[in-house]
Amino acid sequence: MTQDELKQQAALRALDYVIEGAVVGVGTGSTANFFIDGLAAFKDRIAGAVPSSEASARRLAAHGIRLLDLNDVTSLPVYIDGADEIDHSLAMIKGGGGAQTREKIVAAVADKFICICDASKRVTQLGRFPLPVEVIPMARAQVTRELTRLGGRPVVREGFVTDNGNLILDVHDLAISEPAALETTIDGIVGVVTSGLFAKRGADILLLATAQGVETFARA
């Protein structure tokens with residue numbers, strides 16, 4: 001079974017968590033795209049979708065799914081998105097697509113965060129995947145120095161600008177033993193918009209696609 005087939009399995013299982021008549025938060029990336037494609041069959045049974053990126057908004061609109069602004073939503077029962085890495089506590093690294101700021105905002109509003117992944121994304125310790133950090137452009141050099149002091153090796157993502165008009169620093173060589181503490185530290189650096197650590201608001205449920213099927217894990 002290919003990685004794309006595994007991603008699709010997890011994404012389609014997440015449709016079970018979509019609440020009829022309600023709004024659904026939708027993430028960004030290749031696995032989220034499979035979810036969006038599956039959601040098209042339910043578009044007349046939901047109130048609409050809040051996308052976490054311009055790319056997801058375009059894909060939702062192409063399927064005729066109603067788009068809603070988060071500021072106009074009073075209730076968001078569920079947010080469904082993938083991850084670049086996820087550990088056994090369901091803390092994650094996200095932002096491979098550069099959308100972690102909007103993803104983190106939508107996740108914060110949602111009652112339940114469903115993470116959809118293939119088995120390759122589950123790790124014992126976060127940090128093998130470079131940690132994306134969104135940075136205001138004028139603060140790039142200063143934030144780079146601060147991240148280096150934390151033991152990381154920040155690299156500017158060349159040719160990329162976020163939907164918010166900012167830069168991404170991909171931080172290599174971080175061994176993340178305390179994800180929530182590091183998230184607080186990095187997000188507190190002046191000039192940082194958001195890090196790709198999702199530990200303080202991790203996933204509530206992980207749908208992990210394996211060769212044996214989709215396994216479900218709940219946050220302890």
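The structure displayed is predicted, hence computed values, not measured ones.

Student: So, the packing of helix H1 (residues 3–13) against helix H2 (residues 30–39): which residues are in play, and what are the values?
Tutor: The relative placement of two packed helices is expressed as an angle between their axes plus a distance between the axes. Where H1 contacts H2, the axes come no closer than 8 Å and their chain directions differ by 50 degrees. The angle between the axes of H1 and H2 places the two elements in the oblique class. Of the two elements, H1 crosses H2, and the hand of that crossing is right-handed. Along the contact surface, H1 presents Asp4, Lys7, Gln8, Ala11 and Leu12, while H2 presents Ser30, Thr31, Phe34, Phe35 and Gly38. Class assignment for the residues of the contact of H1 with H2 results in 4 nonpolar, 4 polar and 2 charged.

Student: Report on a nonpolar patch on the surface, specifying residues and quantitative values.
Tutor: Nonpolar side chains collect at one region of the surface, where Ile136, Met138 and Val193 lie side by side and expose about 310 Å² of accessible area between them. By the element assignment, isoleucine 136 lies in the loop between strand S7 (131–135) and helix H5 (140–149).

Student: Outline the packing of H2 against helix H3 (residues 54–62), listing residues and values.
Tutor: Put simply, H2 and H3 touch, their axes get as near as 9 Å, and they point 25 degrees apart. Considering the angle they form, H2 stands roughly parallel to H3. Note on packing geometry: the crossing formed by H2 with H3 is right-handed. Facing H2, whose interface residues are Asn33, Ile36, Asp37 and Leu39, H3 presents Ser56, Arg59 and Leu60. In the contact of H2 with H3, the residues fall into 3 nonpolar, 2 polar and 2 charged.

Student: Please provide a residue-by-residue account of the pattern of salt bridges, values included.
Tutor: Side chains carrying opposite charge are able to pair once their charged atoms draw close together. Within the structure shown, the criterion is met by 12 salt bridges. In this structure, glutamate 54 and arginine 102 form a salt bridge, with 3.0 Å as the shortest nitrogen-oxygen distance. Here arginine 102 lies in helix H4 (residues 100–109) and glutamate 54 lies in helix H3, a separation of 48 residues in the sequence. Ionic contacts of the salt-bridge type, sharing partners, join the residues Asp81, Lys94 and Glu103 into one network.

Student: Account for H1, with residues named and values stated.
Tutor: Within the sequence span of H1, burial applies to Leu6, Lys7, Ala10 and Ala11. All buried residues of H1 lie within an arc of 135 degrees about the axis, which places them on one face of the element. Buried residues in H1 make contact with H2, strand S6 (112–118), strand S12 (205–210) and strand S13 (213–218).

Student: So what's going on with the nonpolar core? Residues and values would help.
Tutor: In summary, soluble globular proteins display a tendency toward joint burial of nonpolar side chains. Ranked by internal contacts, the top residues of the largest apolar core, which has 23 residues, are Val18, Val24, Val26, Phe35, Leu39, Ile80 and Ile116. Here valine 24 is in contact with Val18, Phe35, Leu39, Ile46, Gly48, Ala49, Val50, Leu76, Val78 and Ile80, once residues within four sequence places are set aside.

Thresholds applied
- Residues numbered from 1 in each chain as written.
- Predicted model: local features only at pLDDT ≥ 70, side-chain atom pairs only at ≥ 80, totals over all residues.
- Heavy atoms only, no water.
- Axes fitted to C-alpha atoms, helices over the stretch in contact; angles between N-to-C directions.
- Helix = DSSP H or I, 4+ residues; strand = E, 2+ residues; numbered from the N terminus.
- Parallel < 35°, antiparallel > 145°, perpendicular 65-115°, else oblique.
- Left-handed = near helix turned anticlockwise from the far one by under 90°.
- Contact = heavy atoms within 4.5 Å.
- Nonpolar A, V, L, I, M, F, W, Y, C, P; charged D, E, K, R; others polar.
- Patch = residues over 30% accessible without salt bridge, like charges linked within 9 Å, V, L, I, M, F, W, Y side chains within 5 Å.
- Areas by Shrake-Rupley, 256 points an atom, 1.4 Å probe, with all protein chains shown as cover.
- Salt bridge = Lys/Arg side-chain N within 4 Å of Asp/Glu carboxyl O.
- Buried < 20%, exposed > 50% of the residue type's maximum accessible area, 1.4 Å probe, protein only.
- Arc of directions from axis to C-beta.
- Core = buried A, V, L, I, M, F, W, Y, C linked by side-chain atoms within 4.5 Å.

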